[in-house]
Amino acid sequence: MSEHEYTPKSKAGKWFNDRLPLLSLGAHLTDYPTPKNLNYWWTFGGILTFCLITQIVTGIVLAMHYVAHADLAFASVEHIMRDVNYGWLIRYIHSNGASMFFLAVYIHIFRSLFYGSYKSPREVIWIIGLMIYLLMMAAAFMGYVLPWGQMSFWGATVITNLFSAIPLVGDSITTWLWGAYSVDNPTLNRFFSLHYLIPFLILGLVVLHIWALHVPGNNNPVGIDIKKPSKDTVPFHPYITIKDAFALLVFMIIFAGFVFFTPNVLGHSDNYIPANPLVTPAHIVPEWYLLPFYAILRSVPDKLGGVILMFSAIFILFVLPWLDTSKVRSAVFRPIYRQFFWILVIDVLMLGYVGAMPAEGIYLVLARVGTIYYFLHFIVVMPVVGYLEKTDPIPMSISEPVLTGGAEPSLARKVDDKV
Amino acid sequence: MSKEEKKVNRRDFLFTASYTVGAVGVGAVIWPMIDQMNPDKAQQALATTEVDISNIEPGKSITVLWRGKPVFLKRRTPDEIAEARAVNMDDLPDPQKDEERVKEGKDEWLVMLGVCTHLGCVPLKDKGDFNGWFCPCHGSHYDVSGRIRKGPAPTNMEIPKFEFVDNNTIKIG
C-alpha cells in the first residue's frame, strides 16, 4: 500500500507501532497519493461516511427511548417527539438522515457509472459497494417499520409478501420472517434487532471498501492509470480532506434545511396514523429512494415475474464490470456511451416518478417502457456500445492536458494502448 | 509406495469424517437459531376465533381478526350467489367453482381471508369491476365469490378452515 516505510519519531511511538502498526496506517491514510484532478463528484465517499456515523449516533440515542412493541412503539415515537429533550431533533436527523444517505449514495453510484470506476481493476470495490447499498436498503426498510404507523405496517406487509412469490416454500419463508401469521409484534421485535445490527455490518464493509480502494488507488475524471506518487497526485491530507470538508459543509446545509424547515416532506402523512391490520391505506408507496424498484415490480402483471424483475434490477449491477466491454473508463472520452448514460439517469428518475403514481393508465405504460430500457441499457447498450464506439483520444497523463491547455493530438495515445 | 498410499487414504478418511461430524454439529447448532424465528407457542395459541353471525343482514358483511389477519364474513343475497355461479370457468385465472368456496347448505355465507394474494393488502368491499372486492395497492379485482378476475394477484382469496358451531356461530381455524 504505502510506497515508503514510515517510522514514528518518538521512542514510545516506535515501540507501539512495532507491536500494532496503527501509526503506519495513519501515515498511509494521510499521505495516500490521490489524483490531483478529482472533482466534487468524488467528495461523496466522505459525505457517505459522515451519513453512516450520523445514523449510528442518532440511532443509538433513539434506541434509548424507543420501545419495540406493537402496543407501545407508536406512542414511544411520539414520546420521543414531544417529551424527550431534543428528541424531535434527533429523530428528524435520523429519519431525514436516511434520505440524505440515499441521495449521496445515488450520486456516488452514478459518478462511478459515468467515470467507469467499476471497471478493472476496481471490480471488488464496486461489488462491496453494492453489498453496502443492499444492506442500506434493508436497514432503511426495517427502520421505516419501527414507528408502527400505517405505512410502516403495510410497507412491511407488502415487502415481506414479496417472498411469498417463491414457489413451494414462499409461504413458509414469509411466516418465518414474520414469526406470526401476519406482520405482528414478533416481526417488529426482530426488525428492531436487525435494524440495530445492519449499520455495523455496513461499517465493516466500508472498511473493506476503502481498503480495496487503496490497493489500486482512486479512479479520476480522466479515467487513466497514473503513477503514484507522481506529478499527477497530491497527498490525501490536506488537499483532499479540505475539499471533502467543504463539500460536506454544503451537504450539511441542505441536510439541515430538511431537518429544520421541512422535516416531514420526504415521509408520508399516513405514518402518523397508528398501524391497523384491518385497513390498508388507499395509496401505499415506499420511501422515495425505493420508488424506481417499486415501479419495476408493478410494471409486470405477474406476481413472481414482478418480484424476479425487481431483484434482477439490483443484481444485474453486480456483473456490470463484465457487461461493459469498453477499454476506456471515463465517459468524458466516450461520446456515444455518454448519451446513453444520461438516458439512464432520466430513465431511473422517471421510474421513480411513476413508482409514486397509481399503477394505471399512462403511468403503467411509462413504467413498462422505463423497465425495458433499464434492462436494455445494461444487457445490450453497454456491451454493444463498448465494441462499436469510436472513443476520443485519451491524454497521456493528468498533468499534460492541464499544463498544455488541452488534450493535443500529439500527446494523446490511441485507444488500443494499455489504458 | 503402497504403504504411503495407505497412509494418505487413512488421513483422507479422518478429514472427511471430521468435516462430516463438524457439519452435523454446526447444523444442529444453527437449526435452533433459525427455528426460533418461526411462530411461537403464544402465536399458535391464537389459532381459533368464534364469531357471532346472527346480526348480519343479507348483502352485508363483517370483518374479524383471526391470527392477525382480517377475515371477511359475507352473507350473500340469492342474486349474488346466482351471479357467482353464472361465471364461465374459462374467465377465471384461478378456476374454482363458487360451490367449492362455501359450505354446502350454507351457500349464503362466504368466509374468506381478507388478504390480497398478491402482496397481502386488505381489499376494499363493493369495489372493482366485478361487483366484489378491489385491492388498492396494486389493482387486483375480485368477484362476488372472492375469486381473482383481473390484476397481478395469482390466486383467489383464501378460504380458511372454518365450521358452523350452530346456526349463529362460526368457528374459524
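Residues numbered from 1 in each chain as written. Chains lettered and ligands numbered in written order. Predicted model: local features only at pLDDT ≥ 70, side-chain atom pairs only at ≥ 80, totals over all residues. Heavy atoms only, no water.

Asker: Which residues make up the packing of helix H3 (residues 44-63) of chain A against helix H10 (residues 236-261) of chain A, and what are the values?
Answerer: Residue and element names in this part refer to chain A. H10 packs onto H3 with a crossing angle of 50 degrees between their chain directions and a minimal axis gap of 9 Å. The angle between the axes of H3 and H10 places the two elements in the oblique class. Seen from above, H3 lies across H10 with right-handed handedness. Counted together, Gly46, Ile47, Phe50, Cys51 and Thr54 of H3 and Asp244, Ala247, Leu248, Phe251, Met252 and Phe255 of H10 form the full contact between these two elements. Class assignment for the residues of the contact of H3 with H10 results in 8 nonpolar, 2 polar and 1 charged. (Axes fitted to C-alpha atoms, helices over the stretch in contact; angles between N-to-C directions. Helix = DSSP H or I, 4+ residues; strand = E, 2+ residues; numbered from the N terminus. Parallel < 35°, antiparallel > 145°, perpendicular 65-115°, else oblique. Left-handed = near helix turned anticlockwise from the far one by under 90°. Contact = heavy atoms within 4.5 Å. Nonpolar A, V, L, I, M, F, W, Y, C, P; charged D, E, K, R; others polar.)

Asker: Can you break down the interface of chain A and chain B residue by residue, with the values?
Answerer: With 27 residues of chain A in contact, the opposing surface of chain B contributes 27 residues. Between chain A and chain B the total buried area reaches about 2300 Å² when both faces are included, carbon and sulfur atoms providing 63% of it. Sorting the residues of chain A by area buried against chain B places A:Trp176, A:Tyr181 and A:Lys303 first, and these three jointly supply 32% of that buried surface. Across the chain A-chain B interface, the total number found is 0 salt bridges. At the boundary of chain A with chain B, the tally comes to 9 residue pairs in polar contact (both at pLDDT 80 or more). (Buried area = accessible area lost by both parts, 1.4 Å probe. Salt bridge = Lys/Arg side-chain N within 4 Å of Asp/Glu carboxyl O. Polar contact = N/O pair within 3.5 Å; in protein donor to acceptor, adjacent residues only side chain to side chain.)

Asker: Quick rundown of H10(A)? Include the residues and the values.
Answerer: All names here are of chain A. Given a rise of 1.5 Å per residue, 26 residues ought to cover 38 Å, and the 35 Å separating the end C-alpha atoms of H10 matches this to within 8%. Three or more residues of H10 are buried, namely Ile240, Asp244, Ala247, Leu248, Phe251, Phe255 and Val259. The secondary structure elements touched by the buried residues of H10 are strand E1 (33-35), H3, helix H5 (87-115) and strand E2 (233-235). (Expected span 1.5 Å × (residues − 1). Buried < 20%, exposed > 50% of the residue type's maximum accessible area, 1.4 Å probe, protein only.)

Asker: Requested: an account of the state of the cysteines, with residues and values cited.
Answerer: All names here are of chain B. Inspection of the entire model under this criterion finds 1 disulfide over all chains. Sulfur-sulfur distance for the disulfide between Cys121 and Cys137 comes to 2.1 Å. Taking the sign of the S-S torsion, about -95 degrees here, the bridge from Cys121 to Cys137 comes out left-handed. With Cys121 in the loop between strand E4 (109-113) and strand E5 (124-127) and Cys137 in the loop between strand E6 (131-135) and strand E7 (140-143), the pair connects residues that are 16 residues apart, well separated along the chain. Using a relative accessible area of 1% as the deciding quantity, one classes Cys121 as buried. Considering cysteine sulfurs only, Cys116 is the nearest to Cys135, which forms no disulfide, with 3.8 Å between them. (Disulfide = S-S within 2.5 Å.)

Asker: Kindly report on the sheet that holds strand E1 (residues 49-52) of chain B, identifying the contributing residues and their values.
Answerer: In a beta sheet, neighbouring strands are held together by backbone hydrogen bonds and run either parallel or antiparallel to one another. Residues and elements named next belong to chain B. Across the sheet, which stays open at both edges, the 3 strands sit in the order E1-E10-E9 with antiparallel pairing between neighbours. Taken across any chain shown, the strands that pair with only one partner, and hence form the sheet edges, are E1 and strand E9 (162-166). Looking at each pair of strands side by side, their axes are set apart by 25 degrees on average, direction ignored. (Pairing = 2+ DSSP bridges.)

Asker: Tell me about the sheet that holds E4(B), and name the residues and values.
Answerer: Residue and element names in this part refer to chain B. In space, the 3 strands of this open sheet follow the order E2-E3-E4, with antiparallel pairing throughout. Every interior strand has two partners, whereas the edge strands, strand E2 (61-66) and E4, have only one. Each strand of the sheet is rotated relative to its neighbour by a mean of 20 degrees, with strand direction disregarded.

Asker: Report on the nonpolar core, specifying residues and quantitative values.
Answerer: Side chains of nonpolar character tend, in soluble globular proteins, to be buried together. Counting residues in hydrophobic clusters, the biggest one holds 120 residues, and the most contacted among them are A:Phe102, A:Leu113, A:Phe293, A:Tyr374 and A:Phe378. No other element matches the 15 residues that H5(A) contributes to this core. Leaving out residues up to four positions away in the same chain, A:Phe378 has contacts with A:Ile316, A:Leu317, A:Leu320, A:Leu323, A:Leu344 and A:Pro383. Formed by 14 residues, the second largest nonpolar core is a distinct cluster that contains B:Ile53, B:Val64, B:Val71 and B:Phe164. (Core = buried A, V, L, I, M, F, W, Y, C linked by side-chain atoms within 4.5 Å.)

Asker: Mind laying out the side chain of A:His108, listing which residues take part and the relevant values?
Answerer: Residue position: A:His108 is located in helix H5. Excluding its chain neighbours within four sequence positions, the residues that come into contact with A:His108 are A:Phe44, A:Gly45, A:Leu48 and A:His209.

Asker: Give me helix H11 (residues 291-299) of chain A: which residues, what numbers.
Answerer: All names here are of chain A. For H11, a buried count of 9 out of 9 residues is recorded, marking the element as mostly surrounded by other parts of the structure. By the burial criterion, the buried members of H11 are Leu291, Pro292, Phe293, Tyr294, Ala295, Ile296, Leu297, Arg298 and Ser299. Buried residues along H11 sit against H5, helix H6 (123-145), helix H12 (303-315), helix H14 (335-355) and helix H15 (361-388).

Asker: Just give me the short version of the confidence of the model for chain B, but keep the residues and values in it.
Answerer: Overall, the prediction assigns chain B a mean pLDDT of 87, with 96% of residues at 70 or greater. Predicted complex, confidence summary: ipTM 0.82, pTM 0.90. (pLDDT = per-residue confidence, 0-100.)

Asker: Give me the lowdown on the pattern of salt bridges, citing residues and values where you can.
Answerer: Residue and element names in this part refer to chain A. Counted under the stated rule, the structure contains 15 salt bridges over all chains. Note that Asp324 is salt-bridged to Arg334, the shortest N-O span being 3.6 Å. In this pair, Asp324 is assigned in the loop between helix H13 (320-323) and H14 and Arg334 in the loop between H13 and H14, connecting sequence segments 10 residues apart. Here Asp324 falls in the buried class, since its relative accessible area comes to 7%.

Asker: Requested: an account of the packing of aromatic side chains, with residues and values cited.
Answerer: Residues and elements named next belong to chain A. Under the counting rule described, the total for this entry stands at 29 aromatic pairs over all chains. Ring geometry for Tyr66 and Phe192: centres 5.2 Å apart, planes at 50 degrees, overall tilted. Residue Tyr66 is located in the loop between H3 and helix H4 (73-82), and its partner Phe192 is located in helix H9 (residues 185-214); the two are separated by 126 residues in the primary sequence. For Tyr66, a relative accessible area of 11% gives the class buried. Aromatic side chains Phe315 and Phe318 sit 5.6 Å apart centroid to centroid with 20 degrees between the ring planes, which places their arrangement in the stacked category. By relative accessible area, Phe318 is classed as buried at 15%. Taken together, the aromatic side chains of Trp42, Phe110, Phe114, Tyr115, Phe341 and Trp342 make up a single cluster linked through ring pairs. The ring of Trp42 carries Arg111 above its face, with NZ or CZ at 4.5 Å from the centroid. (Phe/Tyr/Trp six-rings, centres within 6.5 Å; stacked < 30°, edge-to-face > 60°. Lys NZ or Arg CZ within 6 Å of the ring centre and 35° of its normal.)

Asker: Explain the pairing of E5(B) to me, using residue names and the numbers behind them.
Answerer: Residue and element names in this part refer to chain B. When E5 meets E6, the two strands line up antiparallel, connected through 3 bridges. Across the sheet, the residue bridging to Lys127 is Gly132, located in E6. Here E5 folds back onto E6, and the loop between the two strands holds 3 residues, one of which, Gly128, carries a positive phi near 95 degrees.

Asker: Now, about the packing of H6(A) against helix H7 (residues 150-161) of chain A: what can you tell me, with residues and values included?
Answerer: All names here are of chain A. Put simply, H6 and H7 touch, their axes get as near as 7 Å, and they point 135 degrees apart. Overall, the two elements H6 and H7 adopt an arrangement that is oblique. Contact residues: Phe141, Tyr144 and Val145 in H6; Met151, Ser152, Gly155, Ala156 and Ile159 in H7. For the contact of H6 with H7, the class distribution of residues is 6 nonpolar, 2 polar and no charged.

Asker: I'd love a proper account of the environment of A:Phe378, names of residues and values included.
Answerer: All names here are of chain A. In this structure, Phe378 sits in helix H15. Relative accessible area serves as the criterion here: at 1%, Phe378 is assigned to the buried category. A sequence separation of 55 residues divides Phe378 from Leu323, and the C-alpha atoms of the two residues are 6.9 Å apart.

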